[in-house]
Amino acid sequence: SAANFPGPPAQFGLVASIQVGWDPALALYETPMAVRFTWLISALNWNCAAAYSEAWNDALTRTDPLVRTPETVTVPSDVTSGLFAEATETIDLHSSPSATDARFLCAVHGWHAVLTDWVPDAATTLLPTLGAFGLTEGATMGYRDDVAVCFEGVEDGGAVDVGCLEALAAAECYSPAVMGQIVGRQLAE
């Protein structure tokens, strides 16, 4: 169980999600398809880590990620509510322990985005596994329409509207929910 695991919760969740969530469904595919989807899942995980890093590059382009989070964000805070005129706190998105959790949660939200598109059979194993860790609450299954708008025209050879993606990410304080949707949609294109 998670309580008996000596490592960080994000690390345990990642290992459990892959072994118990993804693997049983991937085993149903012929080797070429299983390898393809395994690579895509790995690239999604990597791109989430890269988005929350100051230097890591995109798994596909070997350049900057479509959206790289700033080093820190300032968000409203219930912790200091009433103590100061504006109750806020600064969150480190690149190098603190919370960055590891943000990277993992980005991947989880990315998995929710691509699951029914890539490996629908994994829904019966991955969703209960994620649910056991409380990682399904608030997650959007499938692709968000506001993120999809930023990718319009890509299938016809057009470019991704990076400004659109950056605006969405900034509006949501670069939350793992929006970043996972962005990364998931990128890998699906």
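Calculation rules
- Residues numbered from 1 in each chain as written.
- Predicted model: local features only at pLDDT ≥ 70, side-chain atom pairs only at ≥ 80, totals over all residues.
- Heavy atoms only, no water.
- Helix = DSSP H or I, 4+ residues; strand = E, 2+ residues; numbered from the N terminus.
- Buried < 20%, exposed > 50% of the residue type's maximum accessible area, 1.4 Å probe, protein only.
- Areas by Shrake-Rupley, 256 points an atom, 1.4 Å probe, with all protein chains shown as cover.
- Axes fitted to C-alpha atoms, helices over the stretch in contact; angles between N-to-C directions.
- Parallel < 35°, antiparallel > 145°, perpendicular 65-115°, else oblique.
- Left-handed = near helix turned anticlockwise from the far one by under 90°.
- Contact = heavy atoms within 4.5 Å.
- Nonpolar A, V, L, I, M, F, W, Y, C, P; charged D, E, K, R; others polar.
- Core = buried A, V, L, I, M, F, W, Y, C linked by side-chain atoms within 4.5 Å.
- Polar contact = N/O pair within 3.5 Å; in protein donor to acceptor, adjacent residues only side chain to side chain.
- Phe/Tyr/Trp six-rings, centres within 6.5 Å; stacked < 30°, edge-to-face > 60°.
- Lys NZ or Arg CZ within 6 Å of the ring centre and 35° of its normal.
- Expected span 1.5 Å × (residues − 1).

**Some points on the overall build of the protein chain**
Piece 1. Along its length, the protein chain carries seven helices and two strands.
Piece 2. Sequence-ordered secondary structure for the protein chain, helices as α and strands as β, is α-α-β-β-α-α-α-α-α.
Piece 3. A burial count over the protein chain gives 41% of its 189 residues as buried.
Piece 4. Within the structure as shown, the protein chain displays about 9800 Å² of accessible surface, and the carbon and sulfur contribution to it stands at 56%.

**Things to note about the packing of helix α2 (residues 31-51) against helix α7 (residues 176-188)**
Piece 1. It is at 9 Å that the axes of α2 and α7 come closest, and there the two elements cross at 135°. As far as their axial angle goes, α7 and α2 are oblique. Crossing geometry of α2 relative to α7 is assigned as right-handed. On α7, the residues that touch Leu40, Ala43, Leu44, Asn47, Cys48 and Ala51 of α2 are Met179, Gly180, Val183, Gly184, Gln186 and Leu187.
Piece 2. Residues of the contact of α2 with α7, tallied by class, amount to eight nonpolar, four polar and no charged.

**Observations concerning the nonpolar core**
Piece 1. One finds Trp22, Leu44, Trp111, Trp118, Val119, Met179 and Ile182 to be the most contacted residues of the largest nonpolar core, which totals 44 residues.
Piece 2. Elements with a minimum of two residues in this core: α1 (9-26), α2, β1 (72-76), α3 (97-118), α4 (123-132), α5 (145-150), α6 (162-171) and α7.
Piece 3. Here the element with the most residues in this core is α3; it accounts for ten residues.

**With respect to the environment of Arg68**
Piece 1. By the secondary structure assignment, Arg68 is in the loop between α2 and β1.
Piece 2. Judged by relative accessible area, which is 22%, Arg68 ranks as partly exposed.
Piece 3. Along the backbone, Arg68 and Asp58 are ten residues apart, and their C-alpha atoms lie at a distance of 9.9 Å.
Piece 4. When near neighbours in sequence (up to four residues on either side) are disregarded, Arg68 contacts Ala50, Ala51, Ser53, Glu54, Ala55, Trp56, Asn57 and Tyr174.
Piece 5. A polar contact of 3.2 Å, which involves the side chain of Arg68, links it to the backbone oxygen of Ala50.

**Overview of the packing of aromatic side chains**
Piece 1. Per the stated rule, a full pass over the model turns up four aromatic pairs.
Piece 2. Judged by centre distance (6.2 Å) and plane angle (90°), the rings of Trp22 and Trp111 are edge-to-face. In this pair, Trp22 is assigned in helix α1 and Trp111 in helix α3, connecting sequence segments 89 residues apart. Neither residue differs from the other here; Trp22 and Trp111 are each classed as buried.
Piece 3. Between Tyr29 and Phe37 the ring centres are 5.7 Å apart and the planes differ by 65°, which places this aromatic pair in the edge-to-face class.
Piece 4. Judged by relative accessible area, which is 22%, Tyr29 ranks as partly exposed.
Piece 5. Of note, Arg103 hangs over the ring of Trp56, and the distance from its end group to the ring centre comes to 5.2 Å.
Piece 6. Over the ring of Tyr143 we find Arg185; its NZ or CZ atom is 5.0 Å from the centre of that ring.

**Points about the side chain of Arg144**
Piece 1. When you line up the elements, Arg144 lands in the loop between α4 and α5.
Piece 2. Look past the residues within four positions of Arg144 in its chain and what remains in contact with it is Glu172, Ala177, Val178 and Gln181.

**Some details on the packing of α2 against α3**
In a pair of packed helices, the angle between the axes and the distance between the axes together describe the arrangement.
Piece 1. Packing of α2 against α3 leaves a shortest axis separation of 8 Å and a crossing angle of 145°. Between α2 and α3 lies a crossing of right-handed hand. Where α2 approaches α3, its residues Phe37, Leu40, Ile41, Leu44, Asn45, Cys48 and Ala49 are matched on the opposing element by Arg103, Cys106, Ala107, Gly110, Trp111, Val114 and Trp118.
Piece 2. Of the residues assigned to the contact of α2 with α3, the class counts are eleven nonpolar, two polar and one charged.

**Here's the deal with α2**
Piece 1. Over its 21 residues, α2 extends 30 Å from the first C-alpha to the last, a length consistent with the 30 Å expected when each residue adds 1.5 Å.
Piece 2. Every buried residue of α2 is accounted for by Ala34, Phe37, Leu40, Ile41, Ala43, Leu44, Asn45, Asn47, Cys48, Ala49, Ala50 and Ala51.

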